[in-house]
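What follows is each chain in one-letter form.
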Amino acid sequence: MAKKVGVSEATVSRVLNGKPGVSEGTRQAVLTALDVLGYERPTQLRGERARLVGLVLPELQNPIFPAFAEVIGGALAQLGLTPVLCTQTKGGVSEADYVALLLQQQVSGVVFAGGLYAQADAPHDHYRLLAGRNIPVVLVNAAIDHLGFPGVSCDDAVAVEQAWRHLASLGHERIGLVLGPGDHVPSARKLAAARAVAGDLPEEFVARAIFSIEGGHAAASRLIDRGVTGIICASDPLALGAVRAARRKGYDVPGRISVVGYDDSALMNCTEPPLTTVRQPIEAMGRAAVELLNAQIGGTAVPAEELLFEPELVVRGSTAQAPRD
């Protein structure tokens, strides 16, 4: 541990035994190293929370989540907080398991950038456990009601309105949606906005999918078979799956089928064709999430409200005039 912090073993010993003669900065560095390396704090030091913050992500395959991790992790580091990245894997450590681990490490707070809080039918007991322990928490993007945590979200309704009006301006009348599962709160918001802007949205023009390229491919295939010419997707990977589905059926994108994604994650301007998508303001959202968390850590009462951030339509090469036939 002394080697990791760059101090003498005697200094580490003084910190662990609560002895004087150590600067506050060195003392915090030793305690943080103790937490990072997975050692339990001595009994007399357990009353203090570590300068660690859990950063819980649902996956890393969708490039939007590493992008959020980079912004949030950087902002935490600037405040002297160390992010502990917790990524769920299928059949691996669950979100509830990570919460138990973070509580054991006495973290100062937790940021969830996507997770079970966005699914109405998922288990939520671990969030209530955090609330019961008064652990500062911030949620990124839409959550179920009544969890009692502050959050920052991209405005799903505005995102769909922008995408829909863009396709409508190109002459598309049969516009379909590829959304997440039925209990997924951001998808529910997008569907409500689509119904509001469309006036009449046939149920067969709404397809559900798991959030992956393969899920987008399967859902978009169904929509194309039902005659849609424009497809709005709830994520960029879903949109890439929709492009693939159109091509597998022999249709040109955007000549025959137009596709709009959501997120504007990394490399979407390098796809073929470059993807038209709705950009989440990741930098602003990530920094706001850290500000809300840091305020709570400092003892400020933060209302359990949701800050909505405006998305931006980015028009590239996957959308064009509707086909005439």
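Here, the structure is the one placed above.
The text that follows walks through the structure, step by step, so that each part is easy to find. Everything quoted here is computed from the prediction, not taken from an experiment.

This next bit is on helix α6 (residues 125-132). Those residues of α6 lying buried are His 126, Tyr 127 and Leu 130. Viewed end-on, α6 has its buried residues packed into an arc of 105°, placing them on one side of the element. Turned more than 90 degrees from where α6 packs its buried face, Asp 125, Arg 128 and Gly 132 sit exposed. The secondary structure elements touched by the buried residues of α6 are α5 (95-104), β3 (109-113) and β4 (137-140). One or two positions beyond α6, positive phi appears at Asn 134, with a value near 60°.

Spatial ordering of the open sheet is given by β7-β6-β8-β9-β10-β12, a layout of six strands whose pairing is mixed. Each edge of the sheet is formed by a strand with only one pairing partner; in this case those strands are β7 (206-208) and β12 (312-314). Taken over all neighbouring pairs, the strand axes of this sheet differ in orientation by 20° on average, direction set aside. Of the strands in this sheet, β6 (175-179), β7 and β9 (258-263) are in contact with helix α8 (residues 185-198), which crosses β6 at around 170°.

Turning our attention to the layout of surface pockets. By volume, the largest pocket is sized at about 1,200 Å³. If you go around the largest pocket, you meet 42 residues; those closest to its centre are Pro 58, Glu 59, Asn 62, Phe 65 and Phe 211. At the level of elements, α4 (64-78), α8, α9 (213-225), α10 (236-248) and β9 are the ones that each hand at least two residues to the lining of the largest pocket. Its residues assigned to classes, the lining of the largest pocket comprises 22 nonpolar, twelve polar and eight charged. Put simply, the second largest pocket is a space of about 210 Å³. As for the second largest pocket, its lining consists of 17 residues, and the residues nearest its centre are Ala 143, Ile 144, Phe 149, Ala 304 and Glu 306. Element by element, the count of residues in the lining of the second largest pocket is highest for strand β5 (residues 151-154), at three residues. Considering only residue class, the lining of the second largest pocket consists of eight nonpolar, five polar and four charged.

Right, let's talk about α5 for a bit. Listed as buried for α5 are Glu 95, Tyr 98, Val 99, Leu 102 and Leu 103. Viewed end-on, α5 has its buried residues packed into an arc of 135°, placing them on one side of the element. Contacts made by the buried residues of α5 are with β1 (52-57), β2 (82-87), β3 and α6. Gln 106 sits one or two residues past α5 and shows a positive phi near 55°.

To continue, consider unusual backbone geometry. A cis amide bond links Val 253 with the next residue in sequence, Pro 254, at an omega value of 15°. One can find Pro 254 in the loop between α10 and β9. The residue His 146 is not glycine, and still its phi comes out positive at about 75°. Its location among the elements puts His 146 in the loop between β4 and β5. Taking the relative accessible area as the measure of exposure, His 146 reaches 81% and is therefore exposed. A positive phi is found at Asp 263, a non-glycine position, where the angle reads about 130°. Mapped onto the secondary structure, Asp 263 falls in strand β9. Asp 263 sits in the buried class, given a relative accessible area of 3%.

Let us now look at the packing of aromatic side chains. Taken as a whole and assessed by the stated rule, the structure comprises three aromatic pairs. Plain terms: the ring middles of Phe 112 and Tyr 127 are 5.1 Å apart, the flat faces sit at 65° to each other, and that makes the pair edge-to-face. One end of the pair, Phe 112, is in strand β3; the other, Tyr 127, is in helix α6, with 15 residues separating them in the sequence. When its relative accessible area of 0% is taken as the criterion, Phe 112 is described as buried. Overall, the relative accessible area of 1% leaves Tyr 127 in the buried class.

The six strands lie next to each other as β2-β1-β3-β4-β5-β11, forming an open sheet whose pairing is parallel. Because the sheet does not close on itself, it has two edges, and the strands there are β2 and β11 (306-309). Across this sheet, the average inter-strand angle for adjacent strands is 15°, counted without regard to direction. Alignment of β5 against β11, held across four bridges, turns out to be parallel. Its bridge partner lying in β11, Ser 153 is registered against Leu 308.

For the structure shown, the criterion picks out one cavity of 30 Å³ or more. Each pocket or cavity is described by its volume, and for the largest cavity that value is around 40 Å³. Lining the largest cavity, in full, are Ala 159, Val 160, Ala 163, Lys 190, Ile 232, Cys 233, Gly 261, Tyr 262 and Val 278. Of all the elements in the fold, those that place two or more residues in the lining of the largest cavity are α7 (156-169), β8 (230-233) and β9. Element by element, the count of residues in the lining of the largest cavity is highest for α7, at three residues. Per-class residue counts for the lining of the largest cavity are seven nonpolar, one polar and one charged.

Definitions and limits used
- Residues numbered from 1 in each chain as written.
- Predicted model: local features only at pLDDT ≥ 70, side-chain atom pairs only at ≥ 80, totals over all residues.
- Heavy atoms only, no water.
- Buried < 20%, exposed > 50% of the residue type's maximum accessible area, 1.4 Å probe, protein only.
- Helix = DSSP H or I, 4+ residues; strand = E, 2+ residues; numbered from the N terminus.
- Arc of directions from axis to C-beta.
- Contact = heavy atoms within 4.5 Å.
- Pairing = 2+ DSSP bridges.
- Axes fitted to C-alpha atoms, helices over the stretch in contact; angles between N-to-C directions.
- 1 Å grid on protein atoms, 1.4 Å probe; cavity = no way out; pocket = protein on both sides within 12 Å on 5 of 7 lines; lining within 4 Å.
- Points joined across faces, edges and corners; volume = space filled by probe spheres on them.
- Nonpolar A, V, L, I, M, F, W, Y, C, P; charged D, E, K, R; others polar.
- Phe/Tyr/Trp six-rings, centres within 6.5 Å; stacked < 30°, edge-to-face > 60°.

Everything listed here is a matter of geometry and, on its own, says nothing about what the molecule does.
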